[in-house]
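The primary structure of each chain is shown beneath.
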Amino acid sequence: MDKPASGNCIFCKIVARDAPGSLVYEDEETVAFLDLQPLFPGHVLVSPRGHYETLSDLPAPMIEPLFATAQLLTKAVEAALKAEGTFVAINNRVSQSVPHLHVHVVPRRRKDGLKGFFWPKNPYRDDEERESIRVAIEQTARDLKSREL
Ligand code: DGP
């Protein structure tokens, strides 16, 4: 399940070894390498080899390989860095500076200063708003799922 590299994509270049990348893991479908601008040392990015921009673009057969590698690296980062936990995240378009899908795996320690660093709390106006949003997402997920079958 491969998609051709995108000419000017830095992560495609890292995958192809045309650009330096501190690789920590690779297999047939995925690569993992150190983030150049880590939140903390040991911050790893896990990517599919093929050029898919966002999680929505990832073909279904690639979901397991990508998240299996993300899980492996979560364990490896915690153990190698003697971290207390990890933060695992994907930016899709908004706040995404490299448009080649990547899962951030960041080592975490209690009181490491990251708490709440990008999650402002925006409560629902009232129960009605929460319920209407719940229903909209539920219906859309059901529609998308039925189109898959
Ligand atoms: P995001 O903002 O979610 O798209 O994260 C992109 C990350 O990629 C960001 O933390 C910095 C990192 N990054 C950008 N350019 C390079 C590069 O050339 N090499 C490596 N290893 N990481 C890079």
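Shown above is the structure to which this text applies.
Calculation notes
Residues numbered from 1 in each chain as written. Predicted model: local features only at pLDDT ≥ 70, side-chain atom pairs only at ≥ 80, totals over all residues. Heavy atoms only, no water. Near = heavy atom within 4 Å. Polar contact = N/O pair within 3.5 Å; in protein donor to acceptor, adjacent residues only side chain to side chain. Helix = DSSP H or I, 4+ residues; strand = E, 2+ residues; numbered from the N terminus. Buried < 20%, exposed > 50% of the residue type's maximum accessible area, 1.4 Å probe, protein only. Pairing = 2+ DSSP bridges. Core = buried A, V, L, I, M, F, W, Y, C linked by side-chain atoms within 4.5 Å. Contact = heavy atoms within 4.5 Å.

S.K.: What is the right way to look at the site of the ligand in this model?
M.R.: Around the ligand, the structure places 16 residues, and the nearest of them are Leu34, Asp35, Asn91, Ser97 and His104. Contact between the ligand and aspartate 35: an oxygen atom at 2.5 Å from a side-chain N or O atom of the residue. Between the ligand and leucine 36 there is a distance of 3.2 Å, counted from a nitrogen atom to a backbone nitrogen or oxygen. Mapped onto the shell around the ligand, the elements with two or more residues apiece are helix H1 (10–15) and strand E2 (30–34). Top contributing element to the shell around the ligand by residue count: H1, with 3 residues.

S.K.: Help me understand the pairing of strand E4 (residues 85–89) in this model?
M.R.: Along a regular strand, successive side chains alternate from one face of the sheet to the other. What you see with E4 is a clean split: Gly85, Phe87 and Ala89 sit on the buried side and Thr86 and Val88 on the side with no burial. Here 5 bridges tie E4 to strand E5 (residues 103–108), and the two strands are oriented antiparallel to one another. For glycine 85, the partnering residue across the bridge sits in E5 and is arginine 108.

S.K.: Just checking my understanding: could you explain the nonpolar core for this structure?
M.R.: Most often, soluble globular proteins have nonpolar side chains that are buried together. Grouped together as the largest cluster of nonpolar side chains are 13 residues, with contacts concentrated most on Val44, Val46, Leu58, Leu66, Val103 and Val105. When contributions to this core are tallied by element, the ones reaching two or more residues are strand E3 (44–48), helix H2 (60–80) and E5. Sort the elements by how many residues they give to this core and H2 lands first, with 5 residues. The residues contacting valine 105, other than those within four sequence positions of it, are Gly42, His43, Val44, Val46, Ala70, Leu73, Thr74, Val77, Thr86 and Phe87. If you look at the next biggest cluster of nonpolar residues, it comprises 10 residues, including Phe11, Ile14, Val15 and Val98.

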